Amino acid sequence: MGFLCQEVNKIKELYYKTTSILKLMLARKDITILYPSLPVRPILPKRAKGFLSVDTYRCNLCEKCKEVCPSSAIDIDENNISINVDYTMCMYCSYCVITCPQKALSFSDEFEGAAKNKKIFKYKFNIINIVKAVNTKEK
Ligand code: SF4
Ligand code: SF4
């Protein structure tokens, strides 16, 4: 009988603890948001880093970003006049952004990096201003 009383008391204690925690949780204000049901983009902090973006008008394929990238996330394709970024390799260190003499690199506000096929995270930026790219590179 004594054992049964002990068990009942334990259950009661657990019940009171659980309900008091539940009450506290229900009373508090939300500290997270219902993502992705609610738009999160407007409340991104200013310094948030999304996927690396290349200004294809500014880039002159000088390769400096490729040289400084510690994770080999950037590749320059001179034949196809493009700069290729592998977002699965990028660790958002900013080295390339700081180094780029043309100020062609920046972090976008695109950050949703979940997909079934990682091939989509290899992105090719075709350099648009080819004449400028060749001219400024030769200087
Ligand atoms: S101009 Fe900037 S983005 Fe283009 S290759 Fe040079 S360092 Fe990289
Ligand atoms: S942010 Fe860093 S890791 Fe990502 S591409 Fe630039 S240099 Fe490479």
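Everything in this summary refers to the structure shown in the same document.

Conventions adopted
Residues numbered from 1 in each chain as written. Chains lettered and ligands numbered in written order. Predicted model: local features only at pLDDT ≥ 70, side-chain atom pairs only at ≥ 80, totals over all residues. Near = placed C-beta within 6 Å. Nonpolar A, V, L, I, M, F, W, Y, C, P; charged D, E, K, R; others polar. Helix = DSSP H or I, 4+ residues; strand = E, 2+ residues; numbered from the N terminus. Buried ≥ 20, exposed ≤ 12 C-beta atoms within 10 Å, placed from the backbone. Pairing = 2+ DSSP bridges. Axes fitted to C-alpha atoms, helices over the stretch in contact; angles between N-to-C directions.

## Some remarks on the site of ligand 2
Argument step 1. The environment of ligand 2 is formed by 13 residues, the closest being C69, A73, C90, C93 and C96.
Argument step 2. Here the shell around ligand 2 is built from residues that sort into 11 nonpolar, 2 polar and no charged.

## With respect to unusual backbone geometry
It is generally the case that most residues other than glycine have a negative phi and that most peptide bonds are trans.
Argument step 1. Its identity is not glycine, yet Y92 carries a phi of approximately 55°, on the positive side.
Argument step 2. Relative to the assigned elements, Y92 resides in the loop between β3 (82-86) and α3 (95-99).
Argument step 3. Classification of Y92 by C-beta neighbours within 10 Å gives partly exposed; the count is 15.
Argument step 4. Its identity is not glycine, yet K103 carries a phi of approximately 50°, on the positive side.
Argument step 5. Checked against the element boundaries, K103 lands in the loop between α3 and β4 (105-107).
Argument step 6. Judged by C-beta crowding, with 10 C-beta atoms within 10 Å, K103 ranks as exposed.

## Observations regarding the site of ligand 1
Argument step 1. Near ligand 1 you find 14 residues, and of these C59, C62, C65, C100 and Q102 are the closest.
Argument step 2. Considered class by class, the residues forming the shell around ligand 1 number 10 nonpolar, 2 polar and 2 charged.

## What about the sheet that holds strand β5 (residues 122-126)?
Argument step 1. Taken in spatial order, the 3 strands line up as β2-β3-β5 in an open sheet, and their pairing is antiparallel. Two strands lie at the open edges of the sheet, namely β2 (74-77) and β5, each paired on one side alone. Neighbouring strand axes in the sheet, compared pairwise and without regard to direction, differ in orientation by 20° on average.
Argument step 2. Where β2 and β3 come together, 4 bridges link them in antiparallel fashion. Paired with I76 across the strands is I83, a residue of β3.

## Here's the deal with the pairing of β3
Successive residues of a regular strand alternate their side chains across the two faces of the sheet.
Argument step 1. The two faces of β3 differ: I83 and V85 on one face are buried, but S82, N84 and D86 on the other face are not.
Argument step 2. The hairpin formed by β2 and β3 contains 4 residues between the paired strands, and I81 there has a positive phi angle of roughly 45°.
Argument step 3. As defined by bridge partners, β3 adjoins β5 across 5 bridges and the pair is classed as antiparallel. For S82, the partnering residue across the bridge sits in β5 and is N126.

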